[in-house]
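# Residue-level structure breakdown
Next come the chains, spelled out residue by residue.
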Amino acid sequence: MNPEAIMIRRTEDLDAMKALCVSAGLDMAEGPLEGVVVAYGAYLGDKLVGCATLQFADGGHFLEYVAVDASVRSRGIGASLVAKIEEEARARGMSDLWAKAKAPVFYERIGFRVLTEGERGPKNLDTCQTCPQFRSTCFPAIVVKLL
Ligand SMILES: CC(C)(COP(=O)(O)OP(=O)(O)OC[C@H]1O[C@@H](n2cnc3c(N)ncnc32)[C@H](O)[C@@H]1OP(=O)(O)O)[C@@H](O)C(=O)NCCC(=O)NCCS
């Protein structure tokens, strides 16, 4: 098999997505992924090497669970996966897409804007405050893109 042949398609494999998010260093709650409305996976053969989802949580839809396996980063896979979720959001009539970003610069590169201190939106960093990674190894931000 051509090792470069990455396929991006819809997936419902929540277990594989969770394992990928954990191995990518995302701080994950116990149990299965919650509120996934639609998910896309990047596949190398049968192996999931990237994912992104549209999640319904706290009364709204958000971009969530974005991860790419370290072995295939910097090839545009993360950008392609987020673009799929943007299409899904547009198809649902959404005019903007919000996320809590562990890697804000990645999101800025693909057209998102980082909220400034004091700006309010439907997402916030409240749940980060008790995380041991917060502002030691993780410098998160809320990001938004107009669709
Ligand atoms: C962030 C992540 C999903 C990016 O995936 P990727 O497939 O490597 O990203 P892409 O190749 O599509 O990169 C798109 C652009 O973002 C930039 N970028 C990617 N990851 C970046 C990072 N961590 N910091 C800064 N810029 C980054 C790339 O250089 C590229 O910019 P360019 O178009 O100017 O060259 C991946 O690094 C990852 O899984 N990281 C760990 C988990 C994580 O932080 N997830 C984000 C959840 S909030």
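Scope of this entry: the structure provided in the associated data block. Everything numeric in this text was worked out from a predicted model, so none of it was measured. (Residues numbered from 1 in each chain as written. Predicted model: local features only at pLDDT ≥ 70, side-chain atom pairs only at ≥ 80, totals over all residues. Heavy atoms only, no water.)

## Notes on the overall build of the protein chain
Operational definition: Helix numbering and strand numbering both begin at the N terminus, where a helix is a DSSP run of H or I of at least 4 residues and a strand a DSSP run of E of at least 2. Here the globule rule is a power law, 2.2 Å times the number of residues to the power 0.38, and the radius of gyration is based on C-alpha atoms. In this analysis, two residues are considered to be in contact whenever any of their non-hydrogen atoms come within 4.5 Å of each other. Method for areas: the Shrake-Rupley scheme with a 1.4 Å probe, in which residue coverage is limited to the protein chains shown. Counted charges follow a simple rule, with Lys and Arg positive, Asp and Glu negative, and His plus the chain ends left uncounted. Taken as the charge location is NZ of Lys, CZ of Arg, CG of Asp or CD of Glu.
Each helix and strand counted, the protein chain has three helices and seven strands in total. In sequence order, the protein chain lays out its α and β elements as β-α-β-β-β-α-β-α-β-β. For the protein chain, the C-alpha radius of gyration of 15 Å lies close to 15 Å, the compact-globule estimate for 147 residues. Partitioning the contacts of the protein chain with sequence separation of at least 6, the portion at a separation of at least 24 is 65%. Here the protein chain has roughly 8,400 Å² of accessible surface; of this, 50% comes from carbon and sulfur atoms. Each charge sign in the protein chain was given a centre, from 17 positive and 19 negative side chains, and these centres are 4 Å apart.

## Some words on the nonpolar core
The condition is simple: Take the buried Ala, Val, Leu, Ile, Met, Phe, Trp, Tyr and Cys residues and link them wherever side-chain atoms come within 4.5 Å; each set so joined is a nonpolar core. A 1.4 Å probe rolled over the protein chains alone gives each residue an accessible area, and that area as a share of the maximum for its type sets the label: buried under 20%, exposed over 50%, partly exposed in between.
Formed by 23 residues in total, the largest nonpolar core has its most connected members in Leu63, Leu81, Ile85, Leu97, Tyr107 and Phe112. For this core, the element with the most residues is helix α2 (residues 77-91), which contributes five residues. For leucine 97, the contacting residues outside a window of four places in its chain are Leu54, Phe62, Leu63, Ile85, Glu86, Ala89, Phe112, Val143, Val144, Lys145 and Leu147. By size, the runner-up hydrophobic cluster in this structure holds ten residues, among which are Leu33, Leu48, Cys51 and Tyr65.

## Describing the packing of aromatic side chains
We apply this condition: Two aromatic rings from Phe, Tyr or Trp, using only the six-membered ring of Trp, form a pair when their centres are within 6.5 Å; if the ring planes differ by under 30 degrees the pair is stacked, by over 60 it is edge-to-face, and anything between is tilted. By definition here, charges over rings are those cases where NZ of Lys or CZ of Arg is within 6 Å of the ring centre and within 35 degrees of the ring normal.
The full count for this structure, using the stated rule, is two aromatic pairs. Relative to tyrosine 107, the ring of phenylalanine 106 has its centre 5.0 Å away and its plane inclined at 65°; by these criteria the two rings are edge-to-face. Exposure remark for phenylalanine 106: the relative accessible area of 28% places this residue in the partly exposed category. Between the aromatic rings of tyrosine 107 and phenylalanine 112, the centroid separation amounts to 5.3 Å while the plane-to-plane angle is 80°, which identifies the pairing as edge-to-face. The burial state of tyrosine 107 is the same as that of phenylalanine 112; both residues are buried. Taken together through their ring pairs, the aromatic side chains of Phe106, Tyr107 and Phe112 make up a single cluster. Sitting over the ring of phenylalanine 62, lysine 123 keeps its end group 4.6 Å from the ring centre.

## Observations concerning unusual backbone geometry
Phi is positive for aspartate 58, close to 50°, though the residue is something other than glycine. We classify aspartate 58 as exposed; its relative accessible area is 79%. With a phi close to 55°, arginine 135 is a non-glycine residue in the positive phi region. Considering the arrangement of structural elements, one finds arginine 135 in the loop between β6 (113-114) and β7 (141-146). Its relative accessible area of 53% is what places arginine 135 among the exposed residues.

## Observations regarding helix α1 (residues 14-23)
Let me state the cut-off plainly: Note that the arc is computed from the directions linking the helix axis to the C-beta atoms.
Looking at α1, one finds that the buried residues are Met17, Lys18, Leu20 and Cys21. Along α1, the residues classed as buried sweep out an arc of 165° about the axis, all on the same side. The exposed residues of α1 that point more than 90 degrees off its buried face are Asp15 and Ser23. Looking at the buried positions of α1, the neighbouring elements they touch are β2 (36-44), β3 (47-57) and β4 (60-68). Remark: glycine 25 follows α1 within two positions and exhibits a positive phi of approximately 90°.

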